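Listed here are the chains, written in short residue letters.
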Amino acid sequence: ISARTGLQQGQVLDAIFTLNFSKRLNLSIAYKGLRSLGRYLRSLSSNGNFRTTMSYRTPKDQYRLRMHITFQDFFNEENGGIENVDNFESNSDNFQNRENIDVNLEDTDNKLKGTRLYLDHNYKLFSSKDSTGQKDFNNLKLGHIFNVEKKSYNFSQSIATPEYFGNSFNINEINENSENLLTNNQAYLEFNSKYILGTFKAKANYTTVNYGYDSIYNSNIGLSKTKLTGNAVSVGAEWKGKIGGFQVDADANLTPGQGYLAGNY
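A quick note: this is a predicted structure, and the numbers were derived from the prediction, not measured.

Colleague: An account of the overall build of the protein is needed here, citing residue identities and associated values.
Modeller: For the protein, the count of helices and strands is 1 helix and 12 strands. Moving toward the C terminus, one meets the helices and strands of the protein in the order β-β-β-β-β-α-β-β-β-β-β-β-β. Counting over 265 residues, the protein shows a buried share of 26%. Put simply, the protein shows about 17,800 Å² of open surface, and 54% of that area lies on carbon and sulfur atoms.

Colleague: Explain the pairing of strand β3 (residues 25-36) residue by residue, including any values.
Modeller: Looking at chain direction, strand β2 (residues 10-20) and β3 are connected through 11 bridges and run antiparallel. In the sheet register, I16 faces β3, and the bridge partner there is A30. What sits between the antiparallel neighbours β2 and β3 is a turn of 4 residues. Of the pairings in the sheet, the one linking β3 to strand β4 (residues 45-57) comprises 12 bridges and is antiparallel in character. When the sheet's bridge partners are listed, A30 is paired in β4 with R51.

Colleague: Now, about the environment of Y118: what can you tell me, with residues and values included?
Modeller: Of note, Y118 is situated in strand β6 (residues 108-129). In sequence terms Y118 and N184 are 66 residues apart; their C-alpha atoms lie 9.7 Å from each other. Excluding anything up to four places from it in sequence, Y118 contacts R66, M67, H68, I145, F146 and N147.

Colleague: Tell me what's going on with a nonpolar patch on the surface, and back it up with residues and numbers.
Modeller: On the surface, I1, L13, F17, L19, F21, L27, I29, Y31, F50 and F71 cluster together into a nonpolar patch covering about 980 Å² of accessible area. Secondary-structure elements contributing two or more residues to the nonpolar patch are β2 and β3. Looking at where L13 falls in the secondary structure, it is placed in strand β2. You can call L13 partly exposed: its relative accessible area is 36%.

Colleague: Describe the pattern of salt bridges, with residues and values.
Modeller: Applying the stated criterion to the full structure yields 7 salt bridges. E238 is the salt-bridge partner of K203, the closest N and O atoms lying 2.8 Å from each other. One end of the pair, K203, is in strand β9 (residues 198-213); the other, E238, is in strand β10 (residues 227-243), with 35 residues separating them in the sequence. Here K203 falls in the buried class, since its relative accessible area comes to 8%.

Colleague: Outline a negative patch on the surface, supporting the account with residue identities and numerical values.
Modeller: The grouping of E83, D102, E106 and D107 at the surface amounts to a negative patch. Mapped onto the fold, D102 is located in the loop between α1 (85-89) and β6. The exposure class of D102 is partly exposed, given its relative accessible area of 47%.

Colleague: Could you give me a rundown of unusual backbone geometry, with the residues and numbers involved?
Modeller: Positive phi outside glycine occurs at D61, with the angle close to 65°. Inspection of the secondary structure assignment puts D61 in the loop between β4 and β5 (63-77). Even without glycine at this site, D107 takes up a positive phi of about 55°. For D107, a relative accessible area of 35% gives the class partly exposed.

Conventions we followed
- Residues numbered from 1 in each chain as written.
- Predicted model: local features only at pLDDT ≥ 70, side-chain atom pairs only at ≥ 80, totals over all residues.
- Heavy atoms only, no water.
- Helix = DSSP H or I, 4+ residues; strand = E, 2+ residues; numbered from the N terminus.
- Buried < 20%, exposed > 50% of the residue type's maximum accessible area, 1.4 Å probe, protein only.
- Areas by Shrake-Rupley, 256 points an atom, 1.4 Å probe, with all protein chains shown as cover.
- Pairing = 2+ DSSP bridges.
- Contact = heavy atoms within 4.5 Å.
- Patch = residues over 30% accessible without salt bridge, like charges linked within 9 Å, V, L, I, M, F, W, Y side chains within 5 Å.
- Salt bridge = Lys/Arg side-chain N within 4 Å of Asp/Glu carboxyl O.
- Lys, Arg positive; Asp, Glu negative; His and termini not counted.
- Charge placed at Lys NZ, Arg CZ, Asp CG, Glu CD.

Set out below in structure tokens:
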């Protein structure tokens, strides 16, 4: 556990707790938080990050599982800078206290939130030991990776739009949101031959995307929907091995189709 003061008025906390139930089951829980007021008006920052992990394998290492979950949020007040820079640069005694200097924006802030779940587990279909009988010489694994990640961003301003931004189509209070949801499932078949071929993996992915805003203000740009959604199926392969004294890492993927998710590398 680590705790210390923030930039101005505030604190930083960083804590992690780990627990090993056995050699095969490990857990961890961690949290990092920041709250700092800053030296000017409307400069509060408040961040939080929670994460937990788990690792498990069966006694004969036939099945393995790794996963983590994270929750995080980042809140920041917006002040738009000092309203009258001349007052600040003049070094007048009336403006020595930075907390009292007028700023361009009031009651304006933004918040970013994110969550993620990652799971990777596999099962050995067969394995053969080396001459010592201790380490796998060859093995074939069937595995699955699941990853879902969601992010949301909010900008809010509880008073009428100030002239600082210039002319605006919206003269009332603002509360705008955007969201992004990405889900990916991967099934793979992995062959390991540590002393001959290295590691070769064949993989197939199914990905879904949901991204958009809560409203569209400019109808002249040709958008009729507030969200971009889609899904894609891809296939690929990876290889990690040695050629002479060189370590080689290769990765290829193909996503057929005509949509914006199509492509290859």
